[in-house]
Amino acid sequence: MPGLIQETKLFGENIPWLQGLREKGLAAFKRQGLPTAKTEAWKYTRPRDLNADDFIVEPSNFLAEIRAGLDEAGGCRHADGNCSCGGHSHKSGCSCGCHDCSAEQEKGCCQGHEADCGCPEHELDLRTELPFEAYQIHFVNGKFIPVHPALPRGVEIMTLMEAVLTDEAREYLGRLVDLEHYPFAALNTFYLEEGIYIRIARDVELDKPVVFINHSETGAENLFYNIRNLVVVEAGAAAKFVEYYKYGGDPKSRYFANIVNEIFVGHGAQLRHYKLQNDAFKAGHVALNVVRVKEDGRYDAFALQRGANLGRNETKVSLVGEKAGACVNAAYVMHGWATLDTTTDIEHLAPCTCSDQLVKGVIGGDAKGVFQGKIHIAPGAVKTEGSQLHKALLLTDTAEIDVKPELEIFADDVKCSHGAASGELDENMLFYMQSRGIGYEEARRILIDAYLEDVINKIGPEEIRGWFRGQVK
Amino acid sequence: MSKTPLLEIEDLYARVCDKEIIKGFNLTINEGEVHAVMGPNGAGKSTLSYVLTGKPGYEVTSGKIRFRGKDLLSMAPEERAREGIFLCMQYPVEIPGVPTMTFLKHAVNAVRKHAGEPELDTPSFIKMVREEGKALGIDNEMIRRPVNVGFSGGEKKRLETLQMSILKPAFSILDEADSGLDIDALKVVADGVNALRDGRRSMLVITHYQRLLNYIVPDFVHVFADGHIVRSGDKNLALELEEKGYAEFVKEK
Ligand SMILES: Nc1ncnc2c1ncn2[C@@H]1O[C@H](COP(=O)(O)OP(=O)(O)O)[C@@H](O)[C@H]1O
Ligand SMILES: [Mg+2]
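Residues numbered from 1 in each chain as written. Chains lettered and ligands numbered in written order. Predicted model: local features only at pLDDT ≥ 70, side-chain atom pairs only at ≥ 80, totals over all residues. Heavy atoms only, no water.

### Notes on the coordination of the magnesium ion (ligand 2)
Residue and element names in this part refer to chain B. The condition that has to hold: Here a donor is any nitrogen, oxygen or sulfur atom (N, O, S) within 2.8 Å of the metal, with 3.2 Å used for Na, K and Ca; water is not among the atoms considered, so some sites may look incomplete. Numbered from the N terminus, helices here are DSSP runs of H or I no shorter than four residues, and strands are runs of E no shorter than two. Think of it in three bands: residues with accessible area under 20% of the maximum for their type are buried, residues over 50% are exposed, and the middle band is partly exposed, with areas taken using a 1.4 Å probe on protein chains only.
Every protein donor of the magnesium ion (ligand 2) is listed here as Ser46 (OG) and Gln90 (OE1), and their distances to the metal cover 2.1 to 2.3 Å. Placement of Ser46 in helix α1 (residues 45–53) and of Gln90 in the loop between β6 (85–88) and β7 (95–99) is noted, with a sequence separation of 44 residues between them. Here Gln90 falls in the buried class, since its relative accessible area comes to 16%.

### What about the sheet that holds strand β10 (residues 202–207) of chain B?
Residues and elements named next belong to chain B. The following threshold applies: At least two bridges found by DSSP between two strands are what make those strands a pair. Simply put, an axis is a line fit to the C-alpha atoms, just over the touching stretch for a helix, and the angle between two N-to-C directions goes from 0 to 180 degrees. Here, two residues are considered to be in contact whenever any of their heavy atoms come within 4.5 Å of each other.
Across the sheet, which stays open at both edges, the six strands sit in the order β6-β9-β10-β3-β11-β12 with mixed pairing between neighbours. Whereas interior strands pair on both sides, the edge strands pair on one side only; in this sheet they are β6 and β12 (228–233). This sheet shows a mean twist of 20° between the axes of neighbouring strands, independent of strand direction. Of the strand pairs in this sheet, strand β11 (residues 220–225) and β12 are connected by five bridges, and their pairing is antiparallel. Bridge pairing in β12 places Val221 opposite Gly233. In this fold helix α8 (residues 235–244) packs onto β3 (34–38), β11 and β12, with an angle of close to 40° to the strand it touches most, β11.

### Digging into the domain arrangement of chain A
Residues and elements named next belong to chain A. Threshold: Each domain's extent was defined by an automatic or database domain assignment. What gets called buried area is simply the loss in accessible area from a 1.4 Å probe that two parts show on being joined, summed for both. Salt bridge, as used here: a side-chain nitrogen of Lys or Arg that lies within 4 Å of a carboxyl oxygen of Asp or Glu. Gly falls in the polar group here, along with every residue not listed as nonpolar (Ala, Val, Leu, Ile, Met, Phe, Trp, Tyr, Cys, Pro) or charged (Asp, Glu, Lys, Arg).
Split by domain assignment, chain A resolves into domain 1 (129–424) and domain 2 (427–473). Placing a centre on the C-alpha atoms of domain 1 and another on those of domain 2 gives a separation of 25 Å. Listed per partner, the contact involves 28 residues of domain 1 and 18 residues of domain 2. Buried surface at the junction of domain 1 and domain 2, summed over both partners, amounts to about 2,100 Å²; 73% is from carbon and sulfur atoms. Across the domain 1-domain 2 interface, the total number found is two salt bridges. For Asp454, the salt bridge is made with Lys360, and the minimal N-O distance between the two is 2.9 Å. Among the secondary structure elements, those contributing two or more residues to the side of domain 1 that touches domain 2 are β7 (238–247), β9 (270–278), β11 (298–305), β13 (325–334), β15 (354–363) and β17 (385–394). A breakdown of the residues in the side of domain 1 that touches domain 2 according to their chemical character gives 18 nonpolar, three polar and seven charged.

### Section: the interface of chain A and chain B
Selection rule: Nitrogen and oxygen atoms within 3.5 Å of one another constitute a polar contact, given that in protein one can donate a hydrogen and the other can accept it, and given that sequence-neighbouring residues count only through two side-chain atoms.
Listed by partner, the interface residues are 17 residues for chain A and 30 residues for chain B. Contact between chain A and chain B buries roughly 1,900 Å² in total, counting both sides, with carbon and sulfur atoms accounting for 67%. For chain A, the biggest contributors to the area lost against chain B are A:Phe431, A:Tyr432 and A:Arg436; these three give 41% of the whole. The partner of A:Arg436 in a salt bridge is B:Glu160, with the nearest N and O atoms 2.6 Å apart. Viewed at the interface, chain B and chain A are joined by eleven residue pairs in polar contact (both at pLDDT 80 or more).

### Quick word on the packing of aromatic side chains
The following threshold applies: Note on aromatic pairs: the rings of Phe, Tyr and Trp (six-membered ring only in Trp) are paired at centre separations within 6.5 Å, and the planes decide the class, stacked below 30 degrees, edge-to-face beyond 60, tilted for the rest. A ring is scored as having a charge over it whenever the NZ atom of a lysine or the CZ atom of an arginine sits within 6 Å of its centre and within 35 degrees of its normal.
With the rule as written, the count across this model stands at 22 aromatic pairs over all chains. An angle of 20° between the planes, with centres 4.8 Å apart, marks the rings of A:Phe224 and A:Phe256 as stacked. Residue A:Phe224 is found in strand β6 (residues 224–233), and its partner A:Phe256 is found in strand β8 (residues 256–265); the two are separated by 32 residues along the sequence. The pair formed by A:Phe224 and A:Phe256 is uniform in burial state, with each residue classed as buried. Here B:Phe25 and B:Phe224 contribute two aromatic rings whose centre-to-centre distance is 5.3 Å and whose plane-to-plane angle is 90°, an arrangement assigned as edge-to-face. In this pair, B:Phe25 sits in strand β2 (residues 19–30) while B:Phe224 sits in strand β11, placing the two residues 199 residues apart along the sequence. Members of the aromatic cluster, each reached through a chain of ring pairs, are A:Trp42, A:Phe55, A:Phe184, A:Phe190, A:Tyr191, A:Phe224 and A:Phe256. Across the ring face of A:Trp42, the terminal group of A:Arg312 is positioned such that the distance to the ring centre comes to 3.7 Å. Taking the ring centre of A:Tyr451 as reference, the NZ or CZ of A:Lys360 above it sits at 4.2 Å.

As structure tokens, then:
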């Protein structure tokens, strides 16, 4: 596996606990290796193509910048009082002059996009593309772009390494990931560096969603990048977190994005998590969301996979407290030769927990959809309810779907259901529309949209729902 | 005044699932004419309507169909619709998840675009649907529902008629337009259909029973049996048929 394990200088190698975690990640990855056809959790999705020799792991901007900051100013150069940096700690409202892409910052945030380097403009571009108000965080090709939204009280957003420096991340980072059973998450742990840390303080209800956007731009070709996000929603707090993987460079560029989100939903807290994966069509995108939900807490997710040649969005939710709940919904729309995999694992570990999943896919071309859904009800988790439904629409004879539902029930007095169905577009409906003058392609489009309507409607906030509705088209 | 042929069917043979259903069918319908085709159940009346509208699986093995002089059989179903052919279906199709309003808008704009007319904006479109719907007893609630889903038999037929009213086709085929309708609903549908009779539009009224023809009075009546027309006449032929039954006519040939 020379391609995926590379010597690279990472930030904070002198921080023992962080470095220790990385080493554990590396060891765990080496023990497991890349999943093969014999790996049960990956039996339908073969990550062969991700094991190429020509992937490049680039050093982060973050390291370069922090160095620059430390070297030039002998530590903190932030004038404002609330700065508590170990180099750069961007608290809310930090608008330090060090990120203005002036000549001296050439090695900073503009690295990687030579052609139109001029971050302020870039920043403008980046900010105009969502149809709803949001706190936007931008990454380009897996690297953080230091532009910080002004945040209200009770919310912190910083890079993961800043959260490491301030010791905020320490009690959360790596706590939820089972390194021995998730090889890509182990690899991600080895490369711990890029990513963000979001903390919503107790009882704070965040007014606008936090949107994390990764732009795959020119220069993405052959990159292998790892992003690790930590989301902490404290007791009684509520927030919306949107991930958007967007490609804007060469549509044919091949790169591999390996993402891990560790998500902590506190007592009575609520997190709504929406994801749009629209990577370039030759890219690989492997993501693991590990979520822990405490008593009365709620995790509500919707993930739409649209891009990538190999895409996997895996979500593991542990409902650890009574009456904790999760809705893990997803959709995928694919053509060509893609394989898009939605894997879920919901662990009911306490009484009166509930989970609900609706996953719908539209598969065309020679593409393959994979759905693996597991519901585990632990002994003692009585009065729990778990339901799961997967449906796929096959548009061609060569489209393929593999479905593996798994129920593990070790408690009495539970309600658990699962179902799966696949079908084709209804010829009679198509003809009915055509006989009214609607073109064949348009009629198909209308039926496909209608097919996805119920899963799109699972998205609560109207403005986000509207955005996703536009994205499935 | 010389008549202009709108639809010309010549020596048509067609099959479904390797079963020959239409055998040597001939019929010419001129502009402004209303023709009724009557025949026993299973004669192939619905098959004829699907052959005319191009439904997949209905295979024409020989013969010609011209519409306004153009070769109809080489056109896709949507092209036929845009050229002005409309089928009021015997069993309208339910389309879950697609609001009736959305469906109607796509249809109207597709036909308008083909005719070189600008697409209707939403307010004018809604206004038109409301006006046409009113006469048919179709309210807003009904058109917000998914197409035909949960509609009663009568509602389905009224929605078919509404589509016909807003698409204003040059040629309408009504397949058993009265099936499942009580007499009041039948009058509503017939009024909607008759409103389109302007001396230029033409119709093919397919029915098993004579009853409908009291409300939509045809210029010509044809008896359809064994895959083709066995006898033609005026509206009185329908009454004769009602009296004697189909057996009489089928024998004749
Ligand atoms: N899709 C089909 N598959 C097989 N047989 C069909 C199909 N459609 C019609 N038929 C057969 O064709 C014949 C004519 O049917 P149809 O056109 O519906 O008659 P009508 O409308 O006059 O009652 C019947 O024998 C029917 O069974
Ligand atoms: Mg019939």
